[in-house]
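Descriptive structure summary
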Amino acid sequence: MSREPGCSRWLLLAAFAPLFLLLPPLRTRALAVSIVPEGAEEKTELPVLQKSEKSGTMGKINRELKEIVFIIQSQSNSFHSKRAEDLKRGILKQAADLGKELPTVLLIHQMDKHEGAWTILPLMRDFSVTYGRNSSWVFFCEEDTRIQVLKLLETLGRFDRSKEWFLGKALYDEESTIIHHYAFAENPTVFKFPDFAAGWALSIPLVNKLANKLKSEPLKSDFTIDLKHEIALYIWQKGDGPHLTPVPEFCTDDVNSYKVNHCATTFSNFLPLCGEPVKKEDVFVAVKTCRKFHGDRIPIVKQTWEREAALIEYYSDYAEISIPTIDLGVPNTDRGHCGKTFAILERFLNQSSSRTPWLVIVDDDTLISIFRLRKLLSCYDPNEPVFLGERYGYGLGTGGYSYITGGGGMVFSKIAVQKLLASKCRCYSMDAPDDMVLGMCFSGLGIPITHSPLFHQARPMDYPKDYLSHQIPVSFHKHWNIDPVKVYFTWLAPNTEDALNGKKDGYNREDL
C-alpha cells in the first residue's frame, strides 16, 4: 500500500485481515520452449529429440501428456498476451513432436468471468468440474517460464497422481516480513511457498479437495498481497493440508546455465527490452512528499536516482524553493493521500507536454531505477491505457478489484490518465488510499492492471534471496532499518559498479 511516504505512514498492511494463508539428474535433453524479447538474442538452442529416442515410450507419453492441464499466468496487455501466446504455441509444438494427443493449455487472462482469476483459487471449482475426471495434474507457469515437456512428464511421473501433491521450487522467508503479515514469526524458514517463475503443480485430488472446501467455505480474506505465499497457506490449512514438496527439476536458472541439465523448467531472467529504451524526455516523474520529510528523504532521492530523470517534480504541502517542491494546495493527511494523487494526475494532463507519454508517481522513500524503467517501457504501447506496477488485490474472492500498490511506483500511460479523469471517478475522501481508489476506478472502466514483479512494495530483505536472484529489479520501497543509498547502488544503479563518492562499491546483495 502506498500512503504518503512516511508522512504519518499509514501501516494498513499490518492491519490486514489474515491472508490466504510448500533425484537423480535426467540426462536426456528435450525440446525447450524459448521465449525471447524482441531485440534480444537466444544464445543456445536445445536439440530436438530424435524419433529413435521416442519410439519406445510414445504410448505412455501420449496418455500422460493429455492428462496435464497447463495454466499460463498471463495478462491482457498486448505485450504480455503475446508472450503468453508464444509460450502456449511452444508447449503445443513440443507436444506435437511427442505424439498426437495435445494437452490443454489455458491463459489466465482469457478467463475473464473471474475478476480475480489471477489469484488462482477462485478457479479451482472450474478446474475440478472440467478436468477432475480425465486429468492428473494442473501445472501453472509464468509467461517467461521455459518448459521441457518431456522432462516435466518424467518429473511428474515420480509422484503418485492418486494422492494430494503440491509441487514447486521452494522459497522461504529468512525473517518475518510485513508482506506475509509476519507469519511464522518465531521461525519463518519452516514454511515453504512456490516460486511461480519455476512453475508449480497441483495433483487433481488436491484440486478437487480445494474445490470442495471453496464450495462450503468461500474465500474470506480481503487482501491479496503476495499470491504465492497466500496460496501455500491456504493449501496447508494450518496443518490439515499438504506442505509444498520441493522439486529440484523446477528451476529458475537461465537456460544457458551449466546447471540446467536436470531441469524440467528454467526461467528467462532478463529485463525486457523491445527495441530502444524510451527517451528520458518521455517519462515524467512525480514524487509525493510533505514538509516533514523535506530534510531527510529528498536528499536521498537527489543522491541516488534523481539524476536518471529528465523530467521530475516534487509535490508537497509546502513550497520550498531549495528543492524545489510544489504546493498543490492539498493539505497533508494522516492516512491515504488520494486528493494529492488526483491533483498530480490533473496537473500532468493539463500542464505537461502533450508529447510526454508516460507518468510515474512514487513516494519520497521509493528507490527506483528510471534507467531500467525506460527499457521496460519500450515493450508497452503508449497508445494503450496502461497502469503498471506491482499488483495487489482487494476482495477478489467475491468480486472486488486489483490495484497497483503505490510504494513500488505507479506507471501510467497518458491515455490511461485521460480516460480516468474523463470518467469523473474520484476520491470518496481526500485521505482515501490513492492506489486502491485508482484500482477501483480503472476496474470500473474495464482497464486492466498490468503487473510486473520487478516493482517492489518493500525492501530487499523482505523477499527471499532466491526469489530476487532471478530478477533485475526496477524499484524497492521504504528506508526503515536500511541504508537506502547503499541499497540503491547495490540493486538499482544503472551500473552496479557505480561508486559512492567516486569509488567502486563493495556491497554484497546477500547483506541487503
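The structure reproduced in this document is the subject of the present report.

What counts and how
Residues numbered from 1 in each chain as written. Predicted model: local features only at pLDDT ≥ 70, side-chain atom pairs only at ≥ 80, totals over all residues. Heavy atoms only, no water. Buried < 20%, exposed > 50% of the residue type's maximum accessible area, 1.4 Å probe, protein only. Helix = DSSP H or I, 4+ residues; strand = E, 2+ residues; numbered from the N terminus. Pairing = 2+ DSSP bridges. Contact = heavy atoms within 4.5 Å. Axes fitted to C-alpha atoms, helices over the stretch in contact; angles between N-to-C directions. 1 Å grid on protein atoms, 1.4 Å probe; cavity = no way out; pocket = protein on both sides within 12 Å on 5 of 7 lines; lining within 4 Å. Points joined across faces, edges and corners; volume = space filled by probe spheres on them. Polar contact = N/O pair within 3.5 Å; in protein donor to acceptor, adjacent residues only side chain to side chain. Core = buried A, V, L, I, M, F, W, Y, C linked by side-chain atoms within 4.5 Å. Disulfide = S-S within 2.5 Å.

This part covers the pairing of strand E19 (residues 401-404). Burial along E19 is two-sided: Tyr401 and Tyr403 and Ser402 and Ile404, pointing in opposite directions, are all buried. Note that strand E18 (residues 391-394) and E19 share four bridges and pair antiparallel. Opposite Gly393, over in E19, you have Ser402 as the bridge partner. In sequence, E18 turns back onto E19 through a hairpin of six residues, with Gly395 there showing a positive phi of about 60 degrees.

Pairing within the open sheet is mixed, and its seven strands lie in the order E14-E13-E12-E15-E20-E17-E21. At either end of the open sheet lies a strand with only one pairing partner, and these are strand E14 (325-327) and strand E21 (450-451). Together, strand E12 (283-288), strand E15 (358-363), strand E17 (387-389) and strand E20 (410-413) form the strand contacts of helix H10 (residues 370-377), whose direction differs from that of E12 by roughly 130 degrees. Taken strand by strand, helix H12 (residues 434-445) contacts E12, E17 and E20, and its axis lies near 35 degrees from that of E20.

Once that is clear, we can look at empty space enclosed by the protein. Computed from the structure, the largest cavity encloses a volume of approximately 800 Å³. If you go around the largest cavity, you meet 40 residues; those closest to its centre are Glu142, His451, Ser452, Pro453 and Tyr467. Elements with a contribution of two residues or more to the lining of the largest cavity: helix H3 (78-98), helix H7 (227-236) and E18. A total of three residues in the lining of the largest cavity trace back to one element, the largest contributor, which is H3.

Okay, the side chain of Thr304 next. Secondary-structure assignment places Thr304 in the loop between helix H8 (298-303) and strand E13 (311-316). Engagement of the side chain of Thr304 in a polar contact is seen with the backbone oxygen of Ile300, the distance being 2.7 Å. Every residue in contact with Thr304, bar those within four places of it in the chain, is listed here: Leu367, Val485 and Tyr488.

What follows is about the nonpolar core. Counting residues in hydrophobic clusters, the biggest one holds 89 residues, and the most contacted among them are Met124, Leu202 and Leu373. Ranked by residue count, the leading element in this core is H7, at seven residues. Beyond its immediate chain neighbours, meaning those up to four positions away, Met124 contacts Phe140, Leu202, Val207, Leu210, Ala211 and Leu214. Ranked by size, the runner-up nonpolar core spans 27 residues in total, among them Cys141, Val149, Leu156 and Phe250.

Here the focus is the sheet that holds E19. Taking strand neighbours across the sheet as the criterion, the three strands line up as E9-E18-E19 in an open arrangement whose pairing is antiparallel. With partners counted over all chains shown, the strands left at the sheet margins are strand E9 (223-224) and E19, one partner each. The sheet contact formed by E9 and E18 spans two bridges and is antiparallel. Residue Phe223 lies in a different strand from E18, and its bridge partner there is Tyr394. On the sheet, H12 packs against E9, E18 and E19 and is oriented at approximately 130 degrees with respect to E19.

All right, on to the state of the cysteines then. Counted under the stated rule, the structure contains four disulfides. The disulfide bridge from Cys274 ends at Cys379, spanning 2.1 Å between sulfur atoms. Here the S-S torsion is close to 90 degrees, and the disulfide linking Cys274 with Cys379 is therefore right-handed. Here the residue Cys274 occupies a position in the loop between strand E11 (265-267) and E12, and Cys379 occupies one in the loop between H10 and E17, the gap between them amounting to 105 residues. Assessed through its relative accessible area of 17%, Cys274 is described here as buried. The buried category is assigned to Cys379, whose relative accessible area is 9%. For Cys338, the disulfide goes to Cys427, at an S-S distance of 2.1 Å. Negative torsions about the S-S bond denote left-handed disulfides, and the value of about -90 degrees found for Cys338 with Cys427 makes this one left-handed.

Counting buried residues in strand E3 (residues 137-141) gives five out of five residues, a clear majority hidden from the surface. Taking every second residue as pointing to the same face, both faces of E3 are buried, with Trp137, Phe139 and Cys141 on one and Val138 and Phe140 on the other. In this sheet, E3 lies alongside strand E1 (residues 68-72) in parallel orientation, the contact comprising five bridges. Within E3, the residue paired with Ile68 across the bridge is Trp137.

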